[in-house]
Amino acid sequence: MSAAAPAIAVRDLCKNFGHFQAVKRISFEVAPGEIVGFLGPNGAGKTTTIKMITGLLKITSGAVLINGLDNREHLAAIKKKIGYMSQKFSLYHLLTAQENIEFFGGISGLAPRELKASVARMGEQVAAAVLRQKIQDVPPGIRQKVALFVCLLPEPEIILLDEPTSGVDPEARRLFWSEIYGLKKRGKTLLVSTHNLDEAEYCDRIIIIHNGEIVAAGAPDELLRQKGKASIEELFKDAIQEHGQD
Amino acid sequence: MKLFFMVKKELIEITRQKELLFLMFVSPVIQVIILGYVISTDIRHVPVGIVNLSRGQAAERIIERVRRSPLFDVRLESRHSQDYLYPLKKGEVKAMLIFRDALDRKRTVLKYPEVQVLMDGIDSNTSMIAAGYFNGIIKNYILNDMEKLGRGVPMAGRPVFRFNPQLRSINTMGPGIVAFLLTIITMFLTSASLVREKEQQTLDTLLISPLTTLEIYVGKALPAALIGLVDMVIGLLVVVLWFGIPFRGNLLYLFLASLVYLAAILAYALLISVLSATTQQAMFFAWFSLMIFLLMSGFFTPVENIPPLLRLLADINPLRYLIKIIREIFLKGNGISYFWKDLLALGGIALALVSISLLNFKRFISK
């Protein structure tokens, strides 16, 4: 594939659950090294789209290309390139933070020495006592930190984060986004879904999705200028009203 | 190596739940002991009533034998004919023995009295067994009498009970309880495992990881198999040491049969886990299946008693084969040459269940 191929290319993607159409022919691209915010209210189709990109959900029609490879044909190869963090942080509640790291590192094929180093790296970010606590007993901010850490263990090129900041306090959110910037600097591509509109300012581009359709897409400043709006919130409300509210 | 991490994670999750630990390793001991005493077809202290209207010695001698028998507990003795029905109807006694003099055509009193045995048929099993014992007492009395008089008995069957000479029902039930224990623990543990992953959304992370479908599948089944085998050993120790059931066979055969059985039952439990949306649903399916498996296994009643149409279900019930094999190994000390057909059938069922379950798992993750 040519170097110019987008990291993620979504083409006319549809997902039906019985008669209900959750995602309606959406298309967008994410360039390598870009942070794209996937904005929309609950039930807009963000998680469904992300799950189709990861291959966790079967595509009804359309296609998803990861680095130019169709995810229906090259899923095994694509799995090695992507990292995914789900809404509930997807950690094992009864395992300690350290055990979670060792487990996810272990199934990602990390050698024992690398696993030890990973735990030590996490130990630099959180107190040693926290590492030994069960995940169910640690605050959501720490849980989020551990979840992102384990998602990054296999060193994925493309990172898909589904509502990573839901349920965490503003300070943890700020720290989280600074970490996201750190990842971008390391050349990672990020698609981050959120319903917190103020997080749009952290993104290179945003895609607003509503009722399974893309209602606006572009760089946040550019969109505000184009639509003559003062804030993302205004822009968001306007876009949703334009496409009909439920 | 990835499988090692999967198994380790499963074992940590299981062992970190203290209540579950109790259920896995302490409750089997309690279960085996309770089941061993409760699930018994032996009859002891059956409450009986006696109405003796005979004036002869024979009736009194037979009644004395009934009084001395540990099988019966004589609750009522009367010489009035009107006393026979009410205690039976009220449930005070399960059987009523009525003796009256037998007369010939000339109304002369004969040597042996007439005996009527009225049984409470609601508990049909106990009634059948108790009726057999009564007949035995009467028959023995007559035979002894004839021998004393020097009259030979033209023919008499003398049964010899091999493998379980005292006909203790615990000897039959005990090995079955071990098989049941292996089923209950593994079925409940495994049927909940994948659903739990769905509920806490960790299944998505597993599916997106480099783990293969087979590694996830085996990683889920192996820990339950290990725990099941530990529980089986606990169960074996209890039935052998507590109940004194002799283990006459080869332990290796027992483990071989148990491993084949585990493949079948774990595949079935994983199928439940794939098809269920919540832990509650999985538990209900597991409980329902367990009841069917148990009732169709020959554990309580012989498989031969099952009507032909339902026999088909019994024929594909893996527990049926394990119970049969365990009893063969345990009580008869039989080797593989005696039960290879059952083992082969069990293997076939295991293969079919693993294939169906794995296919469903693959179909589920590619939705």
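None of the values given here were measured: they were computed from a predicted structure.

Asker: Can you help me understand the overall build of chain B in this one?
Answerer: The secondary structure content of chain B amounts to 13 helices and four strands. Since a compact globule built from 367 residues should have a radius of gyration of about 21 Å, the 28 Å found for chain B marks it as more spread out than a globular shape. In terms of its C-alpha atoms, chain B occupies a principal-axis envelope of roughly 95 × 45 × 40 Å. Every one of the 367 residues in chain B was classed for burial, and the buried ones make up 38%. Summarising the internal contacts of chain B: among those between residues at least 6 apart in sequence, 78% fall at separations of at least 24.

Asker: When you look at the sheet that holds strand β3 (residues 35–39) of chain A in this model, what are you seeing that I'm missing?
Answerer: Two modes of strand pairing occur in sheets, parallel and antiparallel, and in both the strands are linked by backbone hydrogen bonds. Residues and elements named next belong to chain A. In space, the six strands of this open sheet follow the order β6-β7-β8-β3-β9-β10, with mixed pairing throughout. Two strands in the sheet have a free side with no partner beyond their single neighbour: β6 (82–85) and β10 (213–218). Geometrically, the sheet is characterised by an average inter-axis angle of 15 degrees between neighbouring strands, direction not taken into account. On the sheet, helix α6 (residues 140–152) packs against β6 and β7 (158–162) and is oriented at approximately 160 degrees with respect to β6. Most of the contacts of helix α9 (residues 232–242) go to β10, to which it runs at about 145 degrees, and overall it touches β3, β9 (205–210) and β10.

Asker: Help me understand the nonpolar core in this model?
Answerer: Soluble globular proteins: nonpolar side chains tend toward being buried together. In terms of nonpolar packing, the biggest core is built from 148 residues, with I208 of chain A together with A264, L266, L270 and L322 of chain B touching the most fellow members. Top element by residues in this core is helix α9 (residues 251–275) of chain B. It accounts for 17 residues. For L322 of chain B, the contacting residues outside a window of four places in its chain are A179, A257, Y261 and L346 of chain B. Grouped together as the second largest cluster of nonpolar side chains are 19 residues, V46, V51, V93 and F134 of chain B included.

Asker: What exactly am I supposed to notice about unusual backbone geometry here?
Answerer: A negative phi angle is the norm for most residues apart from glycine, just as the trans form is the norm for most peptide bonds. The backbone phi angle of H45 of chain B is positive, close to 55 degrees, even though this residue is not glycine. With respect to the helices and strands, H45 of chain B occurs in the loop between α2 (18–38) and β1 (46–52).

Asker: Sorry if this is basic, but what is going on with the interface of chain B and chain A here?
Answerer: By a widespread convention, an interface's size corresponds to the accessible area lost as its parts come together. Every contact between the two is made by 20 residues of chain B and, on the other side, 21 residues of chain A. Those elements that provide at least two residues to the side of chain B that touches chain A are α1 (2–15) and α7 (202–208) of chain B. Considering every element that reaches the side of chain B that touches chain A, the biggest residue donor is α1 of chain B, with six residues. Of the residues belonging to the side of chain B that touches chain A, the class tally is seven nonpolar, seven polar and six charged.

Asker: Explanation requested: the domain arrangement of chain B in the structure shown.
Answerer: Domains assigned within chain B are domain 1 (2–40 + 168–365) and domain 2 (46–148). Here the C-alpha centroids of domain 1 of chain B and domain 2 of chain B sit 47 Å apart.

Asker: What should I look at first to understand the packing of α9 of chain B against helix α12 (residues 318–332) of chain B in this one?
Answerer: Two numbers describe a pair of packed helices, the interaxial angle and the distance between the axes. Residues and elements named next belong to chain B. Axis separation between α9 and α12 bottoms out at 10 Å; the angle between their running directions is 175 degrees. Classified by the angle their axes make, α9 and α12 are roughly antiparallel. In contact with Y253, L254, A257, Y261, A264 and I265 of α9, α12 contributes P318, L322, I325, I326 and I329. Class assignment for the residues of the contact of α9 with α12 results in 11 nonpolar, no polar and no charged.

Asker: I would appreciate a short explanation of the sheet that holds strand β4 (residues 114–119) of chain B in the present structure.
Answerer: All names here are of chain B. Strand order across the open sheet formed by four strands is β2-β1-β3-β4, with mixed pairing between neighbours. What marks the edges here is a single partner per strand, and that holds for β2 (72–78) and β4. Within this sheet the neighbouring strands show an average axis-to-axis angle of 20 degrees, counted without direction. In the sheet, β1 pairs with strand β3 (residues 95–100) via five bridges, with the strands oriented parallel. Paired with N52 across the bridge in β3 is F99. Contacting β1, β3 and β4, helix α5 (residues 124–148) runs over the sheet at an angle of about 165 degrees to β4.

Asker: I would appreciate a short explanation of the pairing of strand β4 (residues 61–66) of chain A in the present structure.
Answerer: In the case of a regular strand, side chains alternate between the two sheet surfaces. Residue and element names in this part refer to chain A. Both strand β1 (residues 8–17) and β4 contribute to a ladder of five bridges, which runs antiparallel. From the neighbouring strand, A9 faces β4, where its bridge partner is L65. The hairpin formed by β4 and strand β5 (residues 69–70) contains two residues between the paired strands, and N67 there has a positive phi angle of roughly 50 degrees.

Asker: I'm lost on the packing of α2 of chain B against helix α8 (residues 213–242) of chain B in this one. Help?
Answerer: Residues and elements named next belong to chain B. Axis separation between α2 and α8 bottoms out at 9 Å; the angle between their running directions is 40 degrees. The angle between the axes of α2 and α8 places the two elements in the oblique class. Along this stretch, α2 crosses α8, giving a crossing that reads as right-handed. Where α2 approaches α8, its residues M24, F25, P28, V29, V32, I33 and G36 are matched on the opposing element by I227, D231, I234, G235, V238, V239 and W242.

Asker: What is the right way to read the pairing of β3 of chain B from this model?
Answerer: Residues and elements named next belong to chain B. In terms of residue burial, β3 counts as a mostly covered element, since five of its six residues are buried. Summarising the sheet, β3 and β4 pair through six bridges and their orientation is antiparallel. What sits directly across from I98, in β4, is Q116.

Asker: Got a minute to help me understand the environment of R311 of chain B in this structure?
Answerer: All names here are of chain B. Tracing the sequence through the fold places R311 in helix α11 (residues 308–315). Taking the number of C-beta atoms within 10 Å as the measure of exposure, R311 has 13 and is therefore partly exposed. Separated by 15 residues in sequence, R311 and M296 have C-alpha atoms that sit 8.0 Å apart.

Asker: Explain the environment of C14 of chain A here, please?
Answerer: Residue and element names in this part refer to chain A. By the element assignment, C14 lies in strand β1. A count of 16 C-beta atoms within 10 Å places C14 in the partly exposed class. Among residues more than four places away in sequence, those in contact with C14 are Q21, V23, K24, R25, T60, S61 and G62.

Asker: Mind showing me how you'd approach α5 of chain B here?
Answerer: Given 3.6 residues per turn, any residue in an α-helix points the same way as the ones three and four places further on. For α5 of chain B, which comprises 25 residues, the first-to-last C-alpha distance of 36 Å matches the rise-based estimate of 36 Å (1.5 Å per residue) to within 8%. After α5 of chain B finishes, the residue G150 of chain B shows a positive phi value of roughly 75 degrees.

Asker: Even after reading the chapter, I still don't get the confidence of the model for chain B, so can you show me in this structure?
Answerer: Predicted coordinates in regions of low pLDDT should not be interpreted in detail. Residues and elements named next belong to chain B. When pLDDT is averaged along chain B, the result is 89, and 99% of the positions lie at 70 or above. Confidence, read as mean pLDDT per element, is least for α5 in chain B (85) and greatest for α9 (95). Confidence estimates for the predicted assembly give a pTM of 0.81 and an ipTM of 0.84.

What counts and how
Residues numbered from 1 in each chain as written. Chains lettered and ligands numbered in written order. Predicted model: local features only at pLDDT ≥ 70, side-chain atom pairs only at ≥ 80, totals over all residues. Helix = DSSP H or I, 4+ residues; strand = E, 2+ residues; numbered from the N terminus. Rg over C-alpha atoms; globule rule 2.2 N^0.38 Å. Buried ≥ 20, exposed ≤ 12 C-beta atoms within 10 Å, placed from the backbone. Contact = placed C-beta atoms within 7 Å. Pairing = 2+ DSSP bridges. Axes fitted to C-alpha atoms, helices over the stretch in contact; angles between N-to-C directions. Core = buried A, V, L, I, M, F, W, Y, C linked by C-beta atoms within 7 Å. Nonpolar A, V, L, I, M, F, W, Y, C, P; charged D, E, K, R; others polar. Domains from an automatic or database assignment. Parallel < 35°, antiparallel > 145°, perpendicular 65-115°, else oblique. Left-handed = near helix turned anticlockwise from the far one by under 90°. Expected span 1.5 Å × (residues − 1). pLDDT = per-residue confidence, 0-100.

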